[in-house]
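# Coordinate inspection notes
The chain contents come next:
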Amino acid sequence: MQQRRWRLRSGNETAEAALCRELGLSPLLARLLVIRGIIEPQQAVPFLDSRLSEHLRSPMLFRDMRKAAQRLRRALADGEQIGVHGDYDVDGISGSAILIRFLRELGHEAVLHIPNRMRDGYGLTAPGVERLAAAGVKVLITVDCGAVSHAEITLANQLGMEVIVCDHHQVAATPLPAFAVLNPIEPSSGFPFQGLCGAGLAFYLAMGLRMIWREEGRTDLPDLRRYLDLVTLGTIADIVPMVEENRVLVKHGLRELAQTARPGIAALRAISGVTAVTAGTVGFRLAPRLNAGGRLAEATRSVELLTTDSPARAEELAKYLDEENRARQAIEQEILESALFAVESNPDHVNNRTIVLASKEWHAGVIGIVASRLVERFYRPTVLIALDAATGVGRGSGRSISGVNLHAVFAACAEHVIGFGGHHMAAGLSILDANTDAFAAAVENHVRHTAAAELFTPVTWADTQLPFESLGDPLWRDLGRLEPHGPGNPQALFFTPGVEVTTTRIVGTNHLKLQLREGRRTVAAIGFGMADRGVSCGDHLDVVYSVEENEWQGRRSLQLRLRDLRPARQDAPSA
């Protein structure tokens, strides 16, 4: 088990007192808000209330929104064919589904193209552009792709199409030759929040079109609230910041997911065994099944699941995606075991700052997931490359740690790759087989000389110290007001020192189930994957945990989910 640093987050007593005084909040809720950057009361109100009618900014803030919406209106009025080119992950899938369903409600059946991960590769592709042009498309909308696709957009223009780009990935210095660009990352986008994902941008495009029609007095327009379930799938799955617009959309979207009559969502929930819809069940049970189609086969089936009105077809597609997900899990486990062997059999791995591995036996569709598993285990930026023996070209997927910008690392080592793209924490690349060793050495050298050594020791953070006597309904109500959670708004974590272990047992394969006592209060706790932590009855521990509700045999009770533990110490975590 890797040694971790424990830290308490810093608050601001003055700001916390102001929130308590002006909004009537509890001291604990005020502290949790301040820690999340919610300092002023005028920030806290939309964060806690998150009303659709008040707390979503206008789509017309996007520089090109009115232009894009008016072009779509003209296409619909003139009977021009509209095409949607999405990406094959959940964000691209759900964003494409939003536009397909929205245009269908307006009486137009758009042409859809989702690239095949193995055959076509990532992003807006020339074959996809050519296919849409051959189908008579005059207006092409990209979803979750296109931000740096200068050549493909130029090709689309040459084939008689005008392109509206809905993407949130890094942009190039050279402007795109597109008709309109909706990208919050773009410095001149005009939209003040950079965190929207592809599905969020597709939703905003629908909002923009609806808005210009409403300005003209048209009233027979789709109710966009019913699209929030699809927005929520993409937003949670793409792990974008759960603040500002995203928080508003997901808070209301989770309610739509819970009560939607959409056959595809109902079938997906049934096959996934999801009864209570939360950000966690979306991220860990619904999204992986939607992703499975694009990882191993065709993502168009996932879009069809989200757009079909046939319960029978929805059930058929949900079963197919569930089977694909099981196949993905089996392949993932094989690759994980292979990668672990490669790392642990390398005598240098203990001292290396990075992990870069390549194999002709790996499936390109799941290496990103395995890279995440290796980061969790070794806390090192990790890149896995699936090599194609026939072409000599590899496709790589990387995941990083806090403080190491993986996109910048790839840029520094660009001489060794064919192409790359992505974000700070996740990025992909294509590379020649012959260059993988040089690339691995370059990545290790760059990270070793640019990243501080302390970044490679993981940190266990806690928001505040909490006595067990504070665990109860008032705390539970306060925590409920912070949901939904995600990047930028993580689940609250608490630190309690010196608790006594009164019972201990192993449940499942490797989970640690405990009863912990502090003062006169005894509480149940579970540590997933912590069976090897060597805990015995009578031990005294310091624990960091989140507070959750456990349901068992129809009864609900409060339970601590352990995030870390250590033998009790006299010193508290430093701020």
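Here's a quick rundown of the structure.

## Some remarks on the pairing of strand β4 (residues 137-143)
Of all 7 residues in β4, 6 are buried, a share of seventy percent or more. As paired elements, strand β2 (residues 81-86) and β4 share 6 bridges and run parallel to each other. The partner of valine 84 across the bridge, within β4, is isoleucine 141. With 5 bridges joining them, β4 and strand β5 (residues 162-166) adopt parallel strand pairing. Considered in β5, the bridge of leucine 140 is made with valine 163. In this region the chain leaves β4, passes through helix α8 (residues 150-158) and returns to the parallel neighbour β5; the handedness of that crossover is right-handed.

## Re the packing of aromatic side chains
Aromatic ring pairs are described here by two measures, namely the spacing of the ring centres and the angle between the planes. Applying the stated criterion across every chain yields a total of 9 aromatic pairs. On the numbers, 6.2 Å between centres and 75 degrees between planes, the contact of phenylalanine 468 with tyrosine 545 is edge-to-face. Taken as a pair, phenylalanine 468 in the loop between β13 (464-465) and α19 (473-482) and tyrosine 545 in strand β17 (residues 540-552) lie far apart in primary sequence, 77 residues in all. Of the two residues, phenylalanine 468 and tyrosine 545, neither departs from the other in class, the shared state being buried. Judged by centre distance (6.2 Å) and plane angle (50 degrees), the ring pair of phenylalanine 494 and tyrosine 545 falls under tilted. Residue phenylalanine 494 is located in strand β14 (residues 494-507), and its partner tyrosine 545 is located in strand β17; the two are separated by 51 residues in the primary sequence.

## Re helix α2 (residues 27-35)
Taken across its 9 residues, α2 has 8 buried, putting it largely inside the fold. For α2, the complete set of buried residues consists of Leu28, Leu29, Ala30, Arg31, Leu32, Leu33, Val34 and Ile35. Among the structural elements, α1 (13-23), α3 (41-49), β13, α19 and β14 are those in contact with the buried residues of α2. Where α2 terminates, the next one or two residues include glycine 37, which has phi positive at roughly 85 degrees.

## Some thoughts on the packing of helix α6 (residues 90-105) against helix α10 (residues 228-237)
Viewed as axis vectors pointing N to C, α6 and α10 meet at an angle of 165 degrees, and their least axial separation amounts to 8 Å. It follows from the interaxial angle that α6 and α10 lie roughly antiparallel. Handedness of the α6/α10 crossing: left-handed. Contacts from Val90, Asp91, Ser94, Ala97, Ile98 and Arg101 of α6 reach α10 at Leu230, Val231, Leu233, Gly234 and Ala237. Among the residues forming the contact of α6 with α10, the class breakdown is 7 nonpolar, 2 polar and 2 charged.

## Observations concerning the sheet that holds strand β9 (residues 393-399)
Spatial strand order, β7-β8-β9-β11-β10: 5 strands in an open sheet with mixed pairing. Across the chains shown, the open sheet's two edge strands, defined by having one partner strand only, are β7 (355-359) and β10 (419-422). Strand-to-strand, the axes of this sheet are offset by a mean angle of 15 degrees, without reference to chain direction. Here 7 bridges tie strand β8 (residues 382-388) to β9, and the two strands are oriented antiparallel to one another. Within the sheet, the bridge partner assigned to leucine 387 lies in β9 and is glycine 394.

## Topic: the sheet that holds strand β6 (residues 180-182)
Across the sheet, which stays open at both edges, the 5 strands sit in the order β3-β2-β4-β5-β6 with parallel pairing between neighbours. Two strands in the sheet have a free side with no partner beyond their single neighbour: β3 (111-113) and β6. The average angle at which neighbouring strand axes cross in this sheet is 15 degrees, direction not considered.

## Considerations on the pairing of β2
Where burial is concerned, most of β2 is hidden: 5 out of the 6 residues are buried. Pairing of β2 with β3, which is carried by 3 bridges, proceeds in the parallel orientation. Paired with glycine 83 across the strands is valine 111, a residue of β3. A crossover links β2 with its parallel partner β3, the connecting element being α6, and its sense is right-handed.

Here is what the cut-offs are and how they apply
- Residues numbered from 1 in each chain as written.
- Predicted model: local features only at pLDDT ≥ 70, side-chain atom pairs only at ≥ 80, totals over all residues.
- Heavy atoms only, no water.
- Buried < 20%, exposed > 50% of the residue type's maximum accessible area, 1.4 Å probe, protein only.
- Helix = DSSP H or I, 4+ residues; strand = E, 2+ residues; numbered from the N terminus.
- Pairing = 2+ DSSP bridges.
- Right-handed = clockwise from strand over helix to strand, strands pointing away.
- Phe/Tyr/Trp six-rings, centres within 6.5 Å; stacked < 30°, edge-to-face > 60°.
- Contact = heavy atoms within 4.5 Å.
- Axes fitted to C-alpha atoms, helices over the stretch in contact; angles between N-to-C directions.
- Parallel < 35°, antiparallel > 145°, perpendicular 65-115°, else oblique.
- Left-handed = near helix turned anticlockwise from the far one by under 90°.
- Nonpolar A, V, L, I, M, F, W, Y, C, P; charged D, E, K, R; others polar.

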